Amino acid sequence: MNKHIITADQFTRMEVEKLFGLADYIRSTNISNILQGLTLATLFYEPSTRTRLSFESAMHKLGGNVISVENAQFSSVKKGESLADTIKTISLLSDCIVLRHPDVNSAQIAVKNSNVPIINGGSGYGEHPTQALLDLYTVQKEIGKIDNLHYVLVGDIKYGRTVHSLVKLLSLFKNIKITEVEYSRESLHQALRNKPDVIYLTRVQLERMTEDEKKVSYHFGVEELRMSEAIIMHPLPKNNEIAREVDESDKAVYFKQVENGLWLRAALLYTLLR
Ligand code: NCD
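Residues numbered from 1 in each chain as written. Predicted model: local features only at pLDDT ≥ 70, side-chain atom pairs only at ≥ 80, totals over all residues. Heavy atoms only, no water.

J.: If you had to explain the environment of L93 to someone new, which residues and values would you point to?
T.: Assignment of secondary structure puts L93 in helix α3 (residues 83-93). In this structure the C-alpha to C-alpha distance between L93 and E207, which are 114 residues apart in sequence, comes to 32 Å. Filtering out sequence-adjacent residues up to four positions away, L93 remains in contact with T39 and I67. (Helix = DSSP H or I, 4+ residues; strand = E, 2+ residues; numbered from the N terminus. Contact = heavy atoms within 4.5 Å.)

Written out as structure tokens, the structure is:
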């Protein structure tokens, strides 16, 4: 596997399947000191709960250390420091860097300036490859396969970086049907009639939108839930796009995605750092 995790494009199917196997293995064996003495740095210029904490928790589970810059936009960047200089500095102080940044090219800039592996934890509206990996790891666990399934992607297809990485990763699999539904309830109903296996919802990315685009809204409720047998996924955080009742359904697997993400990220760290 590559030294860095930048885009979902970089993976082969074999690498993805190996990561899933390794995630299962780490989860079942409780190995705890394999990354002892190594330090992960998390550098986040945009808000995050899951991605940052799940990488940090994964590093702790494998016996490593974590240093963290949350709200990096208020760090030396406030004093005019470039991303390149920040990365050069942090790569001298750590063994791996997880970066989240509003610029779509941020991960590539980081790679050019780092001596240690870079993991893209979200690059603007561009990509979020580790989320796509944990999404498909969840599909594999819930349905038992990724091939031959119909995926309905709902919500902010334009700015939703998790969807961009997910579609790229899905291209590695066989006989995949993808239906993209951008906000319209009618087209959602249409898509649900075509027997999807996975419904992947996303939050409206208000912070990336123009004033005109911000007028959109979208809601998935019990009516839609009843129309389909599909599992319901969401990268989280969710806002009003999912009714509370949906959370109670067995079909809603978004919190399982969070749990699976911990082990998948542990597998990634192990692969990059061992
Ligand atoms: C997503 C992100 O940051 O792109 N969150 C996540 O990492 N699970 C989705 C979002 O912010 O809507």
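Having seen the structure, we can now continue with the description.
J.: Account for the nonpolar core, naming residues and giving values.
T.: L136, Y151, L264 and L269 are the most contacted members of the largest nonpolar core, which has 49 residues in total. Here this core takes 9 residues from helix α10 (residues 254-273), the largest share from any one element. The residues touching Y151, leaving out its near neighbours within four places in the chain, are L136, V139, I146, L170, I176, K177, I178, T179 and V198. Of all hydrophobic cores here, the second largest spans 23 residues; its members include Y183, I199, V204 and F220. (Core = buried A, V, L, I, M, F, W, Y, C linked by side-chain atoms within 4.5 Å. Buried < 20%, exposed > 50% of the residue type's maximum accessible area, 1.4 Å probe, protein only.)

J.: Can you break down the side chain of S114 residue by residue, with the values?
T.: Its place among the elements puts S114 in the loop between α4 (106-112) and β4 (118-123). The exposure class assigned to S114 is buried, which follows from its relative accessible area of 10%. Apart from the residues within four sequence positions on either side, S114 is in contact with I87, S91 and I97.

J.: Explain the packing of helix α5 (residues 129-143) against α10 to me, and be specific about the residues and the numbers.
T.: In contact at an axis separation of 8 Å, α5 and α10 are set at 115° when each is read in the N-to-C sense. Note on packing geometry: the crossing formed by α5 with α10 is right-handed. Of α10, the residues touching α5 (which contributes T130, Q131, L133, L134, D135, Y137, T138, K141 and E142) are K256, Q257, N260, G261, L264, R265 and L268. Tallied by class, residues from the contact of α5 with α10 come to 5 nonpolar, 6 polar and 5 charged. (Axes fitted to C-alpha atoms, helices over the stretch in contact; angles between N-to-C directions. Left-handed = near helix turned anticlockwise from the far one by under 90°. Nonpolar A, V, L, I, M, F, W, Y, C, P; charged D, E, K, R; others polar.)

J.: Lay out helix α6 (residues 161-170) with the relevant residues and their values.
T.: For α6, the buried fraction is high: 7 of the 10 residues fall into the buried class. Taken together, the buried positions of α6 are R161, T162, V163, S165, L166, L169 and L170.

J.: Tell me what's going on with the packing of aromatic side chains, and back it up with residues and numbers.
T.: Considering all chains together, one arrives at 3 aromatic pairs under this definition. Relative to Y137, the ring of F20 has its centre 5.3 Å away and its plane inclined at 35°; by these criteria the two rings are tilted. Pair noted here: F20 is in helix α1 (residues 13-29) and Y137 is in helix α5, with a separation of 117 residues, a long-range link. Exposure remark for F20: the relative accessible area of 6% places this residue in the buried category. Here Y137 falls in the buried class, since its relative accessible area comes to 1%. Their ring planes at 65° and their centres at 5.7 Å tell us that Y254 and F255 sit as a pair that is edge-to-face. (Phe/Tyr/Trp six-rings, centres within 6.5 Å; stacked < 30°, edge-to-face > 60°.)

J.: Quick rundown of the pairing of strand β3 (residues 96-101)? Include the residues and the values.
T.: Here β3 lies mainly inside the structure; 6 of its 6 residues are buried. Residue alternation in β3 divides its side chains into two sets, C96, V98 and R100 and I97, L99 and H101, and both sets are buried. Bridging between strand β1 (residues 39-44) and β3 involves 5 bridges; their strand directions are parallel. Bridge pairing in β3 places L43 opposite L99. Relative to β4, β3 runs parallel, the two being bridged by 4 bridges. Bridge assignment links V98 to a residue of β4, and that residue is I119. As for the winding sense of the linkage, the β-α-β connection from β3 through α4 to β4 is right-handed. (Pairing = 2+ DSSP bridges. Right-handed = clockwise from strand over helix to strand, strands pointing away.)

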